[in-house]
Amino acid sequence: VPNAISVARVLLVAPLVAFIVGGRYREALIVLVVAGFSDGLDGFLAKTFDWRTRLGGLRDPAADKLLLVAAFISLSYAGLVPAGLMFIVVGRDVLIVAGALCYQWFIAPVTGEPALVSKLNTASQLAMLFFTLNRRTSSVSRRSALPSVGYSSQNGLPGAVADPIERIWSVSSAAVNGWPLIL
């Protein structure tokens, strides 16, 4: 079952890219949420019912990387993510995959669990994609790095939920990356 969920996540990449490039951000947000949920679900099922397989251990992170890389490239193409950030995300994942392939071919089979820092990185990238798409679903124009106090999205997250999270995300992104999230 977890392997089937990972395959389904890979199949969600094409509609996600099509929705982002087509400017259909609400639909893209829905696909991203389903994909993110499926990522947690397949891991939970594999661990809870001991349905872990070597193929699943490789397929799950590959599905994550494909989804994230495709989303970042699409959002950069649409002008919603700076090209420099997209190159950093894509370059990092290309290096990881190339390293894993070299290890597999020249040293030993790739095994083991992803490191906690890798899981946190995937979660933070999904969060950035989520907030980027959520901001685009809003009928309210939001041009500053810090959201307005009274914001309430009609199509995205309710303002009571989105505002505090987006404030923290915007400030931390600006501080860490040296550029404000202007979306």
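Everything quoted here is computed from the prediction, not taken from an experiment.

On a plain count of helices and strands, the chain comes out with 7 helices and 0 strands. Looking at the 183 residues of the chain, the share that counts as buried comes to 38%. Residue pairs in contact within the chain that sit at least 24 positions apart in sequence constitute 66% of those at least 6 positions apart.

Quick look at the packing of helix H3 (residues 25-48) against helix H4 (residues 54-77) now. Following both chains from N to C, one finds H3 and H4 inclined at 165°, their axes separated by 11 Å at the closest point. Judged by the angle between their axes, H3 and H4 are roughly antiparallel. In this structure, H3 crosses over H4, and the sense of that crossing is left-handed. Here Leu32, Ala35, Asp39 and Asp42 of H3 lie close against H4, whose contacting residues are Asp60, Asp64 and Leu67. Here the contact of H3 with H4 is composed, by residue class, of 3 nonpolar, no polar and 4 charged.

A word on H4. Between its first and last C-alpha, H4 extends 35 Å over 24 residues, near the 34 Å set by a 1.5 Å rise per residue. Once H4 finishes, Gly79 follows within two positions and takes phi at roughly 80°, a positive value.

It is worth spelling out the confidence of the model for the chain at this point. With 75% of its residues at a pLDDT of 70 or more, the chain shows a mean pLDDT of 80. The secondary-structure element of the chain with the lowest mean pLDDT is helix H7 (residues 159-177), recorded at 52, while helix H2 (residues 13-21) shows the highest, at 97. Residue range residues 140-155 is modelled with pLDDT below 50. Its contacts to residues more than four positions away, or to other chains, number 39 contacts. Low pLDDT (under 50) marks residues 174-183, which in the prediction has 22 contacts with non-local residues, meaning those over four places away or in another chain.

Here we take up the pattern of salt bridges. For the structure shown, the criterion picks out 8 salt bridges. A salt bridge links Arg9 to Asp39, with the shortest nitrogen-to-oxygen separation between them at 3.5 Å. Here Asp39 lies in helix H3 and Arg9 lies in helix H1 (residues 2-11), a separation of 30 residues in the sequence. Accessibility expressed as a relative area gives 1% for Arg9, which makes it buried. Exposure remark for Asp39: the relative accessible area of 16% places this residue in the buried category. Among the ionic contacts, a cluster of salt bridges with common partners joins Arg9, Asp39, Asp42, Asp60 and Asp64.

If you check which residues of H2 are buried, you get Val13, Leu16, Phe19 and Ile20. Seen from one end, H2 has its buried residues packed into an arc of 135°, which puts them on one side. In this fold, the buried residues of H2 make contact with H1, H3, H4 and helix H6 (116-137). Positive backbone phi, approximately 75°, marks Gly23, located one or two places after H2.

Here we take up the side chain of Asp64. When you line up the elements, Asp64 lands in helix H4. Only 3.2 Å separates the side chain of Asp64 from the side chain of Arg9, close enough to count as a polar contact. If we skip the residues at most four places from it in the chain, Asp64 touches Arg9, Asp39 and Thr122.

Criteria and thresholds
Residues numbered from 1 in each chain as written. Predicted model: local features only at pLDDT ≥ 70, side-chain atom pairs only at ≥ 80, totals over all residues. Heavy atoms only, no water. Helix = DSSP H or I, 4+ residues; strand = E, 2+ residues; numbered from the N terminus. Buried < 20%, exposed > 50% of the residue type's maximum accessible area, 1.4 Å probe, protein only. Contact = heavy atoms within 4.5 Å. Axes fitted to C-alpha atoms, helices over the stretch in contact; angles between N-to-C directions. Parallel < 35°, antiparallel > 145°, perpendicular 65-115°, else oblique. Left-handed = near helix turned anticlockwise from the far one by under 90°. Nonpolar A, V, L, I, M, F, W, Y, C, P; charged D, E, K, R; others polar. Expected span 1.5 Å × (residues − 1). pLDDT = per-residue confidence, 0-100. Salt bridge = Lys/Arg side-chain N within 4 Å of Asp/Glu carboxyl O. Arc of directions from axis to C-beta. Polar contact = N/O pair within 3.5 Å; in protein donor to acceptor, adjacent residues only side chain to side chain.

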